[in-house]
Every structure is written in structure tokens, then in C-alpha cells.
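So you can see what is in the structure, the chains are spelled out below.
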Amino acid sequence: MSQMKPEEKKAFRQLLAGLGNLVGADGKVDLRETEAILGLVKPLAAIDSDCAELAKVLEEARADNVITPEESRKIRTLIDVLSKKDTGLIYGIEDKPPFFESLFAAVQHLLAIFVGIITPPIIICSALGTSGEVKAFMISMALFASGICTFVQCRRLGPVGAKLLCVQGTSFQFIGPLIAVGFFAQSQTGGHPEQAVWGLPLIFGCCIAAAPAEMIAAFLFKKLCKVITPLVSGIVVALIGLGLIKVGLISCCGGFGAMGRPDTDPLVFAGWRNLTVAAAVLLTIVVFNSFRNKYVRMASVVLGIGVGYLVAWQFGMLHFSFSSSAINIPHPFKWGVSFDLGSIIGLAIVYFITSIEANGDITANSMISGLSIEDDTYHARVRGGVLADGVNSAVAGVFNSFPNSIFAQNNGLIQLTGVASRHVGYYIAALLVLLGLFPVVGDLFGTMPDPVLGGATLLMFGMVAAAGIRIVASQAIGRKETLVLAIAFGLGLGVELCPQVTINGNGVPWILKFAPDMVRNIFSSGLVTGG
């Protein structure tokens, strides 16, 4: 079926829908339906041998005006064979949809990933206390870098890229570890005059230096599959979500910047206005996500944020400030880079964990796209996709952005739209680059009140945790597995929930108070410790 033209695939899907009427609930073939099915199957007989065989049997039955038991068995067998050929796709990997169909599919993917791409830079910059101008620039560069990374994944440059409709965006896995690296950098900087960019040079430098860990993992994934079981993957995904829920809740309450406000301030941390805005966003997303219309569900997060902006505007929480420049010119190493061995090791572990997730995402994408997950080309796709994850994350660091990873939600969109064409990825990449080049996009979302972001991310991070728990629950849990779960969650959540102590102006888990700087930098993240 992958060799069929788009119009032939549409006809094939119509045939499959019609075949459901040919066999009744009692398992018998309905002779009255043969005429309609023949009209659907004959045009496909020339390109598919099973369709030709079905057409032959149906014509014989129509001529005899009776269906024999032997013909009935043959028809049911052919229906089963044809059903297994269906990938649900209108456009396969190498198909080139018309311009407007490609653009429409690209916009749908963009709606699904946009909030996910801009969320990490907003959270990290808010936690580090960067200026609004820096935050807006970081949002723009996140979109720009995601566009470049998506193009590489879809196009494949040499061995780099999965050559699938894989969309890349700023990775959630790195939020906690990068905030920890930024706090460590601030504690070492002291009274640096450029307070607005504290921590960013060390973050970018360590992201670039640690990226080879994922590149190496790309060539070892066959061996790693024996060690990295679904149970391990589920634990890692659950720890990512559970560790980030705290960050989302802080944003709901007003963000890190609201913690120092007096109780008389209307926007005090956990004040009723902040919580009302966050609740409005959360409830709006839940309501729109309950709609049957798939496009409304896909846009639920964007709609929720829009409602949050309206409520925040009523409370006087919006303060827009737009850049005077008409276009963002990407500036590699805008704030320079610096390095710290402990931070590099900690991020290298996260990169390794990301490679596991990328492996699963590429496998799922291949299955949805109707490709084999057993042959050598599959292994080449996974190797190229994971390698691109590492290379692209290093490139993102060069352009003042955070590590990128493949977004799993786009696999669901391929199923919904029936469009798996990697050429649509070029449109998505172009849209992301364009959005990153216009400062107004970064300025608009850079002023997003923390409760608006918190209402959306609290649900998103909870969904990540739930996905991890589902993976764990799908496995047989014996004594050995229970022990692994206990150790991973005990250490990972223990670090996350441990009271913080301030060392050189940097908050670290109390359990690491007397540990060397390198050890603190590696294990201050629950994801690294438990994963």
C-alpha cells in the first residue's frame, strides 16, 4: 500500500470502510452488498493482487446469484488480508502532498507543538531571573532552532536524521537540570554586572559539551535495548513529569519572582488572583479537550492560554513591551560559553535518557507510517534520529537555545490526519524559523504571566507523569521490578522533595549540603538521581 498514489490510498480506505458492510454480524457474506463493493474494488484490481482476487470471487458470486461456503471463506480471508494492509495513511513518507494540503497539515502540527517549544525557555528564564528582553529573545531562538532541527530530522543530512515526519522542539527533560546549572553559575558569579544573563553562558556551554553523549548512544542502541527495558523507560518518563509538577505549581502561584512580594501585594505568591488565572487556564483546556472535534482538542492548550491572557488582562497583569527591531538576527554564542565538569556529566546523563525516549518515538512513528520495525532500514532510521537529537541539541546551544528532542504528540497527529509525508516537515520547519525571526512573537509570549503558563504546564507535566505510570503499569511487576521502582522513585523524588539549603546563594537539596560541588551539580536533579 505504501507504493499507492494518494488518490489510490483514498480509494483503498473507502473500500475497507465498505467491506464492513459485506459481512454481517453472523459472519455470513451479504450478496446484496457485492455490487457496491465491486464498484470500489475493481479500480484497485490492477495495482493490488488481493483486490483483483476479491473482485474475481465477487463477480462469480454475482453471476451465480449465490455465495457458496467456499466463496464465503475466501472472501472473509481476503477481507482480513486487506485490512492488515491499511496504515490509515493518505500520504506516505515519500509522498508530496499539494501545497495547501501540506500547509494545512503543517499548521496543525504547529498548533500541537508551539506551546511545548516556548514553555522551557519561559520557565528557565523566569527561574533564573533574566530580563524580559532576554526571555523574549530566548523564545524566538527556541522556535528558530526547532525549525532547523526539524528540517534535519525530516531531510537527513548524511547519517544525521530519521528521514521521517519527526518534529523537534525544546526538551522538557532538561528544565530541572538546566535551572540547577543556572543557579550554580549564579552562585559562582557573585556580583556580575550583567545580572540579566546570569547562568546562560554555563548552560549553553555544558549543553554543547554534553551533547556527544547522545550521539554515542545512537550507535549503541541495539545493546542498550537489552538494559533499557520498558520498565526503566516508564520510570524515567514518570520522574520527568513528577519533577516538573513542582515547577508548574510554582508558576500557578505567581512564579519565583512573586515569592518575595509582601502579603499586601495583589499579586503576592499564591494570591487569589494568580490562582484564579491558573484555574481559568486549566479548566478551559480540560473543557476544550473534552470536545469530540479533533481540531478543537488539538488547539485546547492554545485556547486555554488565550483565555488566561484575557483573565490576566482584567486583573492588570499584562505589561507588553515590544522590541524596536523588525527582525531577529540569529547571533551564535550571543553571551559566550563557559564549562563545568560536574554540570556536563549531569547533563550527559539526561542526554542519555533522552536517547531512550527518542528511540521509542521513532519506533512509534515508523509503525504509524506503515514502515517495518525489524529490518536494517529501521535500525538506520533510529540511529540517524537519535544522532540528530544530539547534533541538533549542540546546534541549538550554538544559537542560544536549549536541547531539542523529538515531540511524541506529532505521532498522534499523523494518525489523525493520515499524512505521514516527511515533506510536510519542511513546511513545519519553515514556519518555525519564520516565527523565530520575528521579535513580536517572542515579545508577546515573553510577557506571559506566570499563572497563565502554570495553568497549562501543570496539566501537561501531569500528563507526562501519567504516561510514565501507564508504561510501568503495562509491565509485569515482580519482586525485582518492585525493588527497581522503590529505589528509583525513592532517590529521585527524595532529591526533589528534600528541603533546600542555600550554599553560595544557590539552593541545593539538604542531603547534598556537604557534598563536593561536582557531586552536587550531578545529583541535584531528581531525574538524574532516580533515572
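Relevant structure appears above.
Here's what I pulled together on the structure shown here.

Cut-offs and rules
- Residues numbered from 1 in each chain as written.
- Predicted model: local features only at pLDDT ≥ 70, side-chain atom pairs only at ≥ 80, totals over all residues.
- Heavy atoms only, no water.
- 1 Å grid on protein atoms, 1.4 Å probe; cavity = no way out; pocket = protein on both sides within 12 Å on 5 of 7 lines; lining within 4 Å.
- Points joined across faces, edges and corners; volume = space filled by probe spheres on them.
- Helix = DSSP H or I, 4+ residues; strand = E, 2+ residues; numbered from the N terminus.
- Nonpolar A, V, L, I, M, F, W, Y, C, P; charged D, E, K, R; others polar.
- Buried < 20%, exposed > 50% of the residue type's maximum accessible area, 1.4 Å probe, protein only.
- Phe/Tyr/Trp six-rings, centres within 6.5 Å; stacked < 30°, edge-to-face > 60°.
- Lys NZ or Arg CZ within 6 Å of the ring centre and 35° of its normal.

Another point: empty space enclosed by the protein. Where empty space is left can be seen by rolling a probe of water-molecule size over the atoms. If you walk through the whole model with that rule in mind, you get 2 cavities of 30 Å³ or more. The computed volume of the largest cavity comes to approximately 50 Å³. Of all elements in the fold, only α7 (175-189), α15 (341-368) and α22 (517-523) reach the threshold of two or more residues within the lining of the largest cavity. In the lining of the largest cavity, the residues fall into 6 nonpolar, 5 polar and no charged. Of the voids in this model, the second largest cavity is the one considered here, and its volume is about 40 Å³. Lining the second largest cavity, in full, are Ile123, Ser126, Val247, Ile250, Ser251, Gly255, Phe256, Asp450 and Leu453. Those elements that place two or more of their residues in the lining of the second largest cavity are α5 (99-128), α11 (230-252) and α20 (450-473). A per-element tally of the lining of the second largest cavity places α11 first, with 3 residues. Residues belonging to the lining of the second largest cavity are distributed by class as follows: 5 nonpolar, 3 polar and 1 charged.

Let us now look at the environment of Gly306. Within the fold, Gly306 resides in helix α14 (residues 300-314). Judged by its relative accessible area of 32%, Gly306 falls in the partly exposed class. Considered as a pair, Gly306 and Val281 are 25 residues apart in the sequence and their alpha carbons are 8.2 Å apart.

In this structure the tally under the stated criterion is 12 aromatic pairs. Relative to Trp335, the ring of Phe137 lies with its centre 5.8 Å away and its plane at 85 degrees, an arrangement referred to as edge-to-face. Highlighted residues: Phe137 in helix α6 (residues 132-155) and Trp335 in the loop between α14 and α15, separated in sequence by 198 residues. Taken as a pair, Phe137 and Trp335 share a single burial class, namely buried. Aromatic pair Trp272 and Phe315: ring centres 5.4 Å apart, planes at 80 degrees, arrangement edge-to-face. Of this pair, Trp272 sits in helix α12 (residues 272-289) while Phe315 sits in the loop between α14 and α15, and the two are 43 residues apart along the sequence. Aromatic ring contacts, followed pair by pair, group Phe137, Phe204, Trp335 and Phe402 into a single cluster. For Lys334, the ring lying beneath its charged end belongs to Phe137, and the centroid distance is 4.9 Å.

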